[in-house]
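Descriptive analysis of the structure
So you can see what is in the structure, the chains are spelled out below.
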Amino acid sequence: MKFFVDTADVPAIAELNDLGMVDGVTTNPSLIAKSGRDILEVTREICAMVSGPVSAEVTATDADTMIAEGRKLAKIADNIAVKVPLTWDGLKACKTLSSEGNMVNVTLCFSVNQAILAAKAGATFISPFIGRLDDINLDGLQLIEDIRVVYDNYGFDTQILAASIRTANHIADCAKIGADVITAPPAVIKSMASHVLTDKGLDAFLKDIASAGIKIL
Ligand code: G3P
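Below, the structure is looked at part by part. (Residues numbered from 1 in each chain as written. Predicted model: local features only at pLDDT ≥ 70, side-chain atom pairs only at ≥ 80, totals over all residues. Heavy atoms only, no water.)

Let us now look at the site of the ligand. Around the ligand, the neighbouring residues are Asp6, Asn28, Phe129, Arg132, Ala163, Ser164, Arg166 and Thr183. Asn28 is positioned with one of its side-chain polar atoms (N or O) 3.1 Å from an oxygen atom of the ligand. A distance of 2.8 Å separates an oxygen atom of the ligand from a polar atom in the side chain of Arg166. For the ligand, whose unbound accessible area comes to 310 Å², protein coverage reaches 81%. Its residues placed into classes, the shell around the ligand shows two nonpolar, three polar and three charged. (Near = heavy atom within 4 Å. Polar contact = N/O pair within 3.5 Å; in protein donor to acceptor, adjacent residues only side chain to side chain. Areas by Shrake-Rupley, 256 points an atom, 1.4 Å probe, with all protein chains shown as cover. Nonpolar A, V, L, I, M, F, W, Y, C, P; charged D, E, K, R; others polar.)

Before going further, it helps to spend a moment on the nonpolar core. One finds Val84, Val106, Ile126 and Ile165 to be the most contacted residues of the largest nonpolar core, which totals 57 residues. The greatest single-element share of this core, amounting to five residues, is contributed by helix α8 (residues 140-154). Excluding anything up to four places from it in sequence, Ile126 contacts Leu86, Asn105, Val106, Cys109, Ala115, Ala118, Tyr151, Thr158, Gln159, Ile160 and Leu161. Within the second largest apolar cluster, five residues are counted, among which are Phe4, Ala81, Leu161 and Val181. (Core = buried A, V, L, I, M, F, W, Y, C linked by side-chain atoms within 4.5 Å. Buried < 20%, exposed > 50% of the residue type's maximum accessible area, 1.4 Å probe, protein only. Helix = DSSP H or I, 4+ residues; strand = E, 2+ residues; numbered from the N terminus. Contact = heavy atoms within 4.5 Å.)

Take the sheet that holds strand β2 (residues 24-26) next. With parallel pairing, eight strands are arranged side by side around a closed barrel as β1-β2-β3-β4-β5-β6-β7-β8. The mean angle between the axes of side-by-side strands here comes to 30°, regardless of whether they run parallel or antiparallel. Direction of pairing for strand β5 (residues 103-109) relative to strand β6 (residues 125-128): parallel, over a ladder of three bridges. Across the sheet, residue Cys109 finds its bridge partner in β6, namely Pro128. Strand contacts of α8: β5, β6 and β7 (159-162), with the helix running at about 175° to β7, the strand carrying the most contacts. (Pairing = 2+ DSSP bridges. Axes fitted to C-alpha atoms, helices over the stretch in contact; angles between N-to-C directions.)

Moving on: unusual backbone geometry. What you tend to see is this: most non-glycine residues have negative phi, and most peptide bonds are trans. In this structure, Leu108 is a non-glycine residue whose phi angle is positive, near 60°. Tracing the backbone through its elements, the reader meets Leu108 in strand β5. Overall, Leu108 belongs to the partly exposed group, its relative accessible area being 32%. Here Asn137, not a glycine, exhibits a phi torsion of approximately 65°, which is positive. In this fold, Asn137 is placed in the loop between α7 (130-135) and α8. Take Asn137: its relative accessible area is 74%, and that puts it in the exposed class.

Shown next as structure tokens:
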């Protein structure tokens, strides 16, 4: 399973990247706005740091402008994946940009049918949003499971990039289901290391170290 980091926070990406935990990065307009930086400048910096795919999202809603924006974004670096929304125009842009040899991430996917269309349009990645489905009492993980079945039924090679991940449990569940990639905020990835029994066990060890005066260095 590949790990993408869902952020435009360069120091946070660097910390995880140094640990070998970053296979790629995803950004979106909300994350770019949160960074307070120019989209082209921050995306260039991330692409130089990370060797895997870096998703950068178009801002237009019509296919022609999305294609023009996608071509400009793709010039930033070889590892750019142009991100387009799952609309009819987004699918047209996906087809053109992928036919030109660009990686394309089709985002804002909320149904199996949308995922099928993205695969047909040549998407490199499909991004189903788990958390936002859960937010409205639908089952985000079920969508990942359903897309996995359909893609495997027909040998689609579009990679399932599980997005809108809110908890470490989402990541474990995506791994069990067979999502190809997860993208999650740095804090959620780091929270995978936490377990109450680890903390409790370490507390007990530290007490024994102190009482026995155990020293290594
Ligand atoms: O990758 C998409 C992600 O940024 C959306 O997450 O938590 O805003 O639904 P969220």
